[in-house]
Amino acid sequence: MTDRPPLPPFDRASALAKVQAAEDAWNTRDPERVSLAYTTDSVWRNRDQFFVGRAAIVEFLTDKWSRELDYALRKNLWSFTDDRIAVRFQYESHDGAGQWWRSYGNELWEFDEHGLMRRREASINDHRIDESERRIFGPRPKDSSEPDLPTH
């Protein structure tokens, strides 16, 4: 088994690094790449969907990013313990008709000893926005001191 640092137990610095790594991976919109951060039997709840395993993760993300076009995400650390991290996030995307959306959510993550996520629970709400209201434009710049996103 290959380790996926940072590994638990988490401290503030390693939890922040894990959150940033997740944001960076999801912003690639590459389902295969993203799936490698999860155990082969990872358990997911995403909104009202429940599924298990990397193959299901790839299928889910492939479908997601075929509908949520120009997807761009920001994650912020909310809390952490030894092997768990909670984040809040926002992402923006548009649908095939050109309608822009901002999605707000919270995720609960649980990791194994190799740093792979074995459980992900996500609660997400969508808000219709005008393109002029967008505030997330692509991945976060590497040298960014970008502040946390507002909650509205």
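Residues numbered from 1 in each chain as written. Predicted model: local features only at pLDDT ≥ 70, side-chain atom pairs only at ≥ 80, totals over all residues. Heavy atoms only, no water.

J.: Summarise the environment of isoleucine 57; cite the residues concerned and give the values.
T.: Structurally, the position occupied by isoleucine 57 is in helix α3 (residues 54-67). Residue isoleucine 57 is classed as buried on the basis of its relative accessible area of 0%. Not counting residues up to four positions away in its chain, the partners in contact with isoleucine 57 are Ser35, Tyr38, Ser42, Trp44 and Phe51. (Helix = DSSP H or I, 4+ residues; strand = E, 2+ residues; numbered from the N terminus. Buried < 20%, exposed > 50% of the residue type's maximum accessible area, 1.4 Å probe, protein only. Contact = heavy atoms within 4.5 Å.)

J.: Tell me about empty space enclosed by the protein, and name the residues and values.
T.: Overall, the coordinates contain one cavity of 30 Å³ or more when judged by the stated rule. Estimated volume of the largest cavity: approximately 60 Å³. Around the largest cavity, the lining residues are Trp26, Asn46, Lys64, Tyr71, Leu73, Lys75, Phe89, Tyr91, Glu107, Arg120 and Ile124. Among the elements of the structure, β3 (69-80), β4 (84-94) and β6 (117-129) are those that each provide at least two residues to the lining of the largest cavity. Here the element with the most residues in the lining of the largest cavity is β3; it accounts for three residues. (1 Å grid on protein atoms, 1.4 Å probe; cavity = no way out; pocket = protein on both sides within 12 Å on 5 of 7 lines; lining within 4 Å. Points joined across faces, edges and corners; volume = space filled by probe spheres on them.)

J.: Before we move on, can you summarise the pairing of β3 with the specific residues and values?
T.: Bridge count for β3 against β4 is nine bridges, and the pairing is antiparallel. Within the sheet, the bridge partner assigned to asparagine 76 lies in β4 and is arginine 88. Here β3 folds back onto β4 in antiparallel fashion, the turn holding three residues. (Pairing = 2+ DSSP bridges.)

J.: Requested: an account of the sheet that holds β4, with residues and values cited.
T.: On the basis of which strands lie adjacent, the open sheet formed by six strands has the order β2-β1-β6-β5-β4-β3 and mixed pairing. Whereas interior strands pair on both sides, the edge strands pair on one side only; in this sheet they are β2 (49-52) and β3. Averaged over all neighbouring strand pairs, the angle between strand axes comes to 20 degrees, with direction disregarded. Where β4 and strand β5 (residues 100-111) come together, 11 bridges link them in antiparallel fashion. Pairing of glutamate 92 across the sheet is with arginine 102, part of β5. Contacts between helix α1 (residues 12-26) and the sheet are confined to β1 (38-46), β3, β4, β5 and β6, with β3 contributing the most and set at about 165 degrees to the helix. Helix-sheet contacts for α3 involve β1, β2, β3 and β4, and the interaxial angle to β1 is about 50 degrees. (Axes fitted to C-alpha atoms, helices over the stretch in contact; angles between N-to-C directions.)

J.: Outline unusual backbone geometry, supporting the account with residue identities and numerical values.
T.: In this model, proline 5 is joined to proline 6 through a cis peptide bond whose omega is -5 degrees. Examined against the element boundaries, proline 6 turns out to sit in the segment before α1. Put simply, proline 8 and proline 9 share a cis peptide bond, and its omega is 5 degrees. In this fold, proline 9 is placed in the segment before α1. A positive phi angle, close to 55 degrees, is found at arginine 47, a residue other than glycine. Position of arginine 47 relative to the elements: it lies in the loop between β1 and β2. The residue aspartate 70 is not glycine, and still its phi comes out positive at about 55 degrees. Note on placement: aspartate 70 falls in strand β3.

J.: Summarise the packing of aromatic side chains; cite the residues concerned and give the values.
T.: Applying the stated rule across the entire model yields 11 aromatic pairs. Considering the side-chain rings of tryptophan 26 and tryptophan 65, the 5.6 Å spacing of their centres and the 85 degrees angle between planes classify their relative orientation as edge-to-face. Of this pair, tryptophan 26 sits in helix α1 while tryptophan 65 is found in helix α3, placing the two residues 39 residues apart along the sequence. In this pair, the class of tryptophan 26 matches that of tryptophan 65, namely buried. Counting every residue linked through ring pairs, the aromatic cluster contains Trp26, Tyr38, Trp44, Phe51, Phe60, Trp65, Tyr71, Phe89 and Tyr91. Against the face of phenylalanine 89 rests lysine 75, its NZ or CZ located 5.0 Å from the ring centre. (Phe/Tyr/Trp six-rings, centres within 6.5 Å; stacked < 30°, edge-to-face > 60°. Lys NZ or Arg CZ within 6 Å of the ring centre and 35° of its normal.)

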